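# An overview of the molecular structure
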Amino acid sequence: MKRTAQRTLAACAALSLACPLTGGLRPAKTRIEGSPSRPAFVFDTTLVLADFTVERWTGEKWTKVWAIENAPSTRVRVRQVEYGTVPDGYSEYVPPKEPTLATNALYKVLYEGGAVRGGTTFAVVERDGKPTVVELDPGKPFADVLAEFDRLVRAR
């Protein structure tokens, strides 16, 4: 009986440590504002970001085009991040590969901080002769996102 209780306590302790590492992250929402060439990614709450990346679909794989990180000892909270602009307290570990985001390109944003993980998928497409940001559903299968992006590009 004593061994069973010890095993149960050990299992509970292991689960309590593992849960925050696996399922304890809550999803965050992001909306995109501003210029399509240098959009601002606005979070649903202020965050201390550990990592923030912007990636572009090359037709074969996702490639990081810009990334920033926060030093673990710094606790600078942000409500938004503008593409290519490093917030105070953060550092760039992938400099912008594109000075502005390209038109007719597919992008995704991924970020994590504290107990929050989020992101979004979007396209910059030409509409009426000017670039426009169109947010896509990141919850869809990737094949559906690609099909939607192709329709957006052909609709110009």
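Just above, that's the structure.
Residues numbered from 1 in each chain as written. Predicted model: local features only at pLDDT ≥ 70, side-chain atom pairs only at ≥ 80, totals over all residues. Heavy atoms only, no water.

A separate point is the overall build of the protein. Scanning the protein for helices and strands turns up two helices and 10 strands. Starting at the N terminus and ending at the C terminus, the protein contains elements arranged as α-β-β-β-β-β-β-β-β-β-β-α. Counting only residues that meet the buried cut, the protein has 33% of its 156 residues in that class. With the model as given, the accessible surface of the protein reaches about 9300 Å², and the carbon-plus-sulfur share is 54%. (Helix = DSSP H or I, 4+ residues; strand = E, 2+ residues; numbered from the N terminus. Buried < 20%, exposed > 50% of the residue type's maximum accessible area, 1.4 Å probe, protein only. Areas by Shrake-Rupley, 256 points an atom, 1.4 Å probe, with all protein chains shown as cover.)

This paragraph deals with the pattern of salt bridges. Throughout the structure, instances matching the rule amount to six salt bridges. With its nearest N and O atoms 3.7 Å apart, the salt bridge here joins lysine 108 to glutamate 55. With a gap of 53 residues between them, lysine 108 in strand β8 (residues 105–113) and glutamate 55 in strand β4 (residues 51–57) connect regions that are remote in the sequence. In this structure, lysine 108 and glutamate 55 share a single accessibility class: buried. (Salt bridge = Lys/Arg side-chain N within 4 Å of Asp/Glu carboxyl O.)

If you look at the biggest cluster of nonpolar residues, it comprises 24 residues, and the most contacted ones within it are Leu49, Phe52, Val54 and Tyr111. Of all the secondary structure elements, the ones that give two or more residues to this core are β3 (40–47), β4, β5 (62–70), β6 (78–82), β8 and β9 (116–127). Tallying contributions element by element places β8 first for this core, with four residues. Leaving out residues up to four positions away in the same chain, phenylalanine 52 has contacts with Phe41, Phe43, Trp66, Ala67, Ile68, Val81, Val109, Leu110 and Tyr111. (Core = buried A, V, L, I, M, F, W, Y, C linked by side-chain atoms within 4.5 Å. Contact = heavy atoms within 4.5 Å.)

The geometry of two aromatic rings is summed up by the distance between their centres and the angle between their planes. All chains considered together, the criterion is met by 11 aromatic pairs. A ring pair is formed by tryptophan 66 and tyrosine 83, whose centres lie 5.6 Å apart and whose planes are at 70°; its orientation type is edge-to-face. Of this pair, tryptophan 66 sits in strand β5 while tyrosine 83 sits in the loop between β6 and β7 (90–94), and the two are 17 residues apart along the sequence. The two residues tryptophan 66 and tyrosine 83 agree in class, both being buried. Between tyrosine 107 and phenylalanine 122 the ring centres are 5.5 Å apart and the planes differ by 20°, which places this aromatic pair in the stacked class. In this pair, tyrosine 107 is assigned in strand β8 and phenylalanine 122 in strand β9, connecting sequence segments 15 residues apart. Residue class for tyrosine 107 comes out buried when judged on its relative accessible area of 0%. Cluster of aromatic residues (ring-pair linked, three or more members): Phe41, Phe43, Phe52, Trp66, Tyr83, Tyr107, Tyr111 and Phe122. (Phe/Tyr/Trp six-rings, centres within 6.5 Å; stacked < 30°, edge-to-face > 60°.)

Tracing the chain through its elements places valine 78 in strand β6. Sequence separation between valine 78 and valine 48 is 30 residues; the distance between their C-alpha atoms is 6.4 Å. Beyond its immediate stretch of four places on either side in the chain, valine 78 contacts Phe43, Thr45, Thr46, Leu47, Leu49, Pro87 and Tyr90.

Take the sheet that holds strand β2 (residues 30–33) next. The strand order β2-β3-β6 describes an open sheet built from three strands, whose pairing is antiparallel. Looking at which strands have only one partner, the edges of the open sheet turn out to be β2 and β6. Each strand axis lies, on average, 25° off the axis of its neighbour in the sheet, ignoring direction. Two elements, β2 and β3, share four bridges in a ladder whose sense is antiparallel. Paired with arginine 31 across the strands is valine 42, a residue of β3. (Pairing = 2+ DSSP bridges. Axes fitted to C-alpha atoms, helices over the stretch in contact; angles between N-to-C directions.)

A few words on the side chain of glutamate 55. For glutamate 55, a relative accessible area of 11% corresponds to the buried category. Among residues more than four places away in sequence, those in contact with glutamate 55 are Trp62, Thr63, Lys64, Val65, Leu106, Tyr107, Lys108 and Leu110.

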